[in-house]
Amino acid sequence: MKHTEERLSHHLKNDADIHYPDFNAMWDQIQKDQERCPELHASARNENVRRSLRWKKSALIGTAAVILMATPVYAAVHYNWIDLLDHRRGIQNALQNGLGQKLDQSVTVGGVTLTLDTAFTDDNRTVILYTLKPGKYKGDTVRFPSIGLRDETGKLIEGRYYHDFDQADGEYKGYFETEWTPSGSKANVDFTVNGVQVLAPEEQAINLDLSQRMSQGFDIHKNGLGKLAVSVFNEKDNRVMLSTSLTFDQSEVRDYAFPYLKVYDQKGQTLEWIAPSISGKPGAHGEYISEQFYNLDTLKQQASSYVLAYHKEEGRMDQPLNIGIRLDKTEMLSGTSKRVLNLPLGQQSEGVLVKEAIITPTQIRVILAQDRAILQLPYLKYNLDVNGTRLEGAVWPAENSNQTELRFEVNPGLEIHPDTPMTLYAHHQVQYIEGEFEPVILSAIREKPQIVDSNLDGFIIHWTYYLKDGDLYVERYSDDPHFGGMNQTFMLIKGERSYGMPTKTQFAGDGDNQGIDRYEKYTSDTAVVYPWMYSTEEPEARIAVPLVEEKKK
């Protein structure tokens, strides 16, 4: 696994490859002490990507490299874009088939040159390839404070970008992507980049003591960073979670610092995580929370130093770069079709329907719908078989809360016609169980961890509880792999539910069902804790749904 500083140029503003729950809904509802939806258990698998354009506080690093072979002619013409588009096989397919609208338009401001190369616009999305010559603004990473398309009414159309530095040409090559497409076949828009920002890596050494049970505080107060708190949580299987909480002296630094804990061994090499880690989870008071997982023996035997690694601003140009373009999706429409389906997603899918499929030369988008808000799909992994070619799916939320989308990149060379056979496969079933569960009584609460077991609908749950920094921590897990996890606990205070703040983010399908809740400023030596919801998992469960168009009556 590569570390954050090695991935920043790939993932700045590009959360399509980032895996995390919907923290907007999750944490807003927790802070209001309301019952929340079960999106705490979002999939951490590469096939199931959860995206939130509105939430830009997190940068969980997790991506799968895809190596694609190309014909010699294709490689000769498009060699500059192959590595860049390794996660956008559908755009590679369009390039291979000679599709795409050539733009070749440039603008230079303050010595920085932005060039738009090619646009791909169909009924699913708009993708624009660009290059950026940074001029004097050279550094470890170049970031755009904002990027988007501005339509004829002046409305800004947001999106994501991905770019990497081409050493040979001395420029950044990237693409901009948005779900927006022209309502007609053509549209006049302005491609706008609101300046450039140069970032450089920085480190601040900290004296972390792994044996300390209480949280450890460090005053950073440098480059806009404030105070850092680190808590050590020993888990089962000799695993340790290092939870960090960081405040900012300058709020704008949150958008680009990407801070995380970095551990060096005696040879100056970075010790690797043993599980996917998450950064940027919002705390109850606006803190920047991160969770990193290590082998405890490895840290004890090999860790030589701990540092807070982050990025600082080296320079910036605030002048915007604007290029007016006329998008035309006429060429792409020849390979576009729609299938109206309205098929049930299996018998145990709580009324979820496979509503329709939108097929374009770059992407197949399958729309799932339900008569109420879709909080979590009943399966974690989705594949689409297209006439014998298996495509991996990504789960994306839709604008309509009653819908969600499965997106499949079209492989280079794959031909799809209106009557091409397609079958949707869903596997690894997850079910969420709500109810009135028996409480767990926690007695003799003190700083030393106490252990108690309970029975939850046949699952043996192991509870560990203790005081840390005056707060009560409640951990729980099960040895049964079919137990997916308990998303949250609560106490009854004067007849009202008081929920614990999740200290550890839980992901369905990762094999780890441990959860940790924190109750602030707890003074009693006893507690009665109730499970709110739990999940079960059936990794082998699998269904197949042939995408046969609904017969017209």
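Computed from a predicted structure; not experimentally measured.

J.: Please explain the side chain of K262 as it appears in this structure.
T.: Examined against the element boundaries, K262 turns out to sit in strand β15 (residues 260-265). Looking at K262, the relative accessible area reads 7%, which means it is buried. For K262, the side chain forms a polar contact with the side chain of E203, separated by 3.4 Å.

J.: Explain the nonpolar core to me, please; I cannot follow it from the model alone.
T.: Nonpolar side chains tend toward joint burial in soluble globular proteins. Grouped together as the largest cluster of nonpolar side chains are 32 residues, with contacts concentrated most on I206, L225, L228, L242, Y294, L299 and Y306. Mapped onto this core, the elements with two or more residues apiece are β11 (196-206), β12 (216-222), β13 (225-234), β14 (239-248), β15, β17 (288-295), α5 (296-302) and β18 (303-317). Of all the elements, β18 adds the most residues to this core, at five residues. If near-sequence neighbours (up to four positions away) are discounted, Y294 is found in contact with N238, R239, V240, L242, L261, V263, L271, E272, W273, I274 and L299.

J.: Explanation requested: the packing of aromatic side chains in the structure shown.
T.: To describe a pair of aromatic rings, one takes the distance between the centres and the angle between the planes. Here the structure, examined in full by the defined rule, presents 17 aromatic pairs. Measuring from ring centre to ring centre gives 6.1 Å for F459 and Y534, while their planes differ by 75°; the resulting arrangement is edge-to-face. Linking F459 in strand β29 (residues 459-468) with Y534 in strand β36 (residues 527-546), this pair joins segments that are 75 residues apart in sequence. A single burial state applies to F459 and to Y534, both of which are buried. With 5.7 Å between their ring centres and 10° between their planes, Y466 and Y473 make a pair best called stacked.

J.: What's the story with the pattern of salt bridges in this structure? I'm lost.
T.: Between side chains of opposite charge, a pair can form when the charged atoms approach closely. The final tally for this structure, using the stated rule, is 31 salt bridges. Salt bridges sharing partners connect three or more residues here, namely R88, R125, R160, E177, E179, R365, E405, R407 and E409.

J.: Which parts of the structure should I look at to understand the environment of E177?
T.: Within the secondary structure layout, E177 lies in strand β9 (residues 171-178). Residue class for E177 comes out buried when judged on its relative accessible area of 2%. In this structure, the C-alpha to C-alpha distance between E177 and G148, residues 29 residues apart in sequence, is 8.8 Å. Beyond its immediate stretch of four places on either side in the chain, E177 contacts R88, R125, T126, V127, G159 and R160. A polar contact of 2.8 Å, which involves the side chain of E177, links it to the side chain of R125.

J.: Looking at this structure, I do not really get the sheet that holds strand β6 (residues 147-150). What am I missing?
T.: Strand pairs in the sheet, formed through backbone hydrogen bonds, run parallel or antiparallel to each other. Ordered by their spatial adjacency, four strands build an open sheet running β7-β6-β10-β19, and the pairing between neighbours is antiparallel. Each edge of the sheet is formed by a strand with only one pairing partner; in this case those strands are β7 (156-158) and β19 (321-328). When strand polarity is set aside, the average angle formed by the axes of neighbouring strands in this sheet is 35°.

J.: I tried to follow the pairing of strand β4 (residues 126-133) on my own but got confused; where do I start?
T.: Each regular strand shows side chains that alternate between the opposite faces of the sheet. Taken across its eight residues, β4 has seven buried, putting it largely inside the fold. Two strands pair when backbone bridges link them, and strand β3 (residues 112-121) and β4 are joined in this way by eight bridges, in the antiparallel orientation. Counterpart to A119 in the pairing with β4 is I128. Pairing of β4 with β9 involves seven bridges; the strand directions are antiparallel. Among the inter-strand pairings, V127 is bridged to a residue of β9, identified as E177.

J.: What exactly am I supposed to notice about the environment of E540 here?
T.: Following the sequence through the fold, E540 ends up in strand β36. Classification of E540 by relative accessible area gives exposed; the value is 74%. In this structure the C-alpha to C-alpha distance between E540 and Q429, which are 111 residues apart in sequence, comes to 7.8 Å.

J.: Got a minute to help me understand the confidence of the model for the chain in this structure?
T.: Low pLDDT marks stretches whose predicted atomic positions should not be read closely. Mean pLDDT over the chain works out to 85, with 85% of the residues at or above the 70 mark. Scored below 50 in pLDDT, residues 1-79 shows 228 contacts in the model against residues more than four places distant or in partner chains.

J.: Is there a simple way to think about helix α4 (residues 89-96) in this case?
T.: For an α-helix the count is 3.6 residues per turn, leaving residues at separations of three or four pointing the same way. Taking burial as the measure, the eight residues of α4 include seven buried ones, the bulk of the element. Listing the buried residues of α4 in full gives R89, G90, I91, Q92, N93, A94 and L95. Remark: G98 follows α4 within two positions and exhibits a positive phi of approximately 70°.

J.: Teacher, can you tell me more about unusual backbone geometry here?
T.: Glycine aside, the phi torsion of most residues is negative, and most peptide linkages are trans. One non-glycine residue, N342, adopts positive backbone phi at about 55°. Looking at where N342 falls in the secondary structure, it is placed in strand β20 (residues 337-344). Residue N342 is classed as partly exposed on the basis of its relative accessible area, which comes to 33%. Even without glycine at this site, D457 takes up a positive phi of about 50°. Structurally, the position occupied by D457 is in the loop between β28 (450-456) and β29. Using a relative accessible area of 53% as the deciding quantity, one classes D457 as exposed.

J.: How should I be thinking about the sheet that holds β15 in this particular structure?
T.: Reading across the sheet, the four strands line up as β5-β11-β18-β15 and stay open at both edges, with antiparallel pairing between neighbours. Taken across any chain shown, the strands that pair with only one partner, and hence form the sheet edges, are β5 (141-143) and β15. Here the strands of the sheet are splayed against their neighbours by 45° on average, with no regard to which way each runs. Where β5 and β11 come together, three bridges link them in antiparallel fashion. Counterpart to R143 in the pairing with β11 is Q197.

Criteria and cut-off values
- Residues numbered from 1 in each chain as written.
- Predicted model: local features only at pLDDT ≥ 70, side-chain atom pairs only at ≥ 80, totals over all residues.
- Heavy atoms only, no water.
- Helix = DSSP H or I, 4+ residues; strand = E, 2+ residues; numbered from the N terminus.
- Buried < 20%, exposed > 50% of the residue type's maximum accessible area, 1.4 Å probe, protein only.
- Polar contact = N/O pair within 3.5 Å; in protein donor to acceptor, adjacent residues only side chain to side chain.
- Core = buried A, V, L, I, M, F, W, Y, C linked by side-chain atoms within 4.5 Å.
- Contact = heavy atoms within 4.5 Å.
- Phe/Tyr/Trp six-rings, centres within 6.5 Å; stacked < 30°, edge-to-face > 60°.
- Salt bridge = Lys/Arg side-chain N within 4 Å of Asp/Glu carboxyl O.
- Pairing = 2+ DSSP bridges.
- Axes fitted to C-alpha atoms, helices over the stretch in contact; angles between N-to-C directions.
- pLDDT = per-residue confidence, 0-100.

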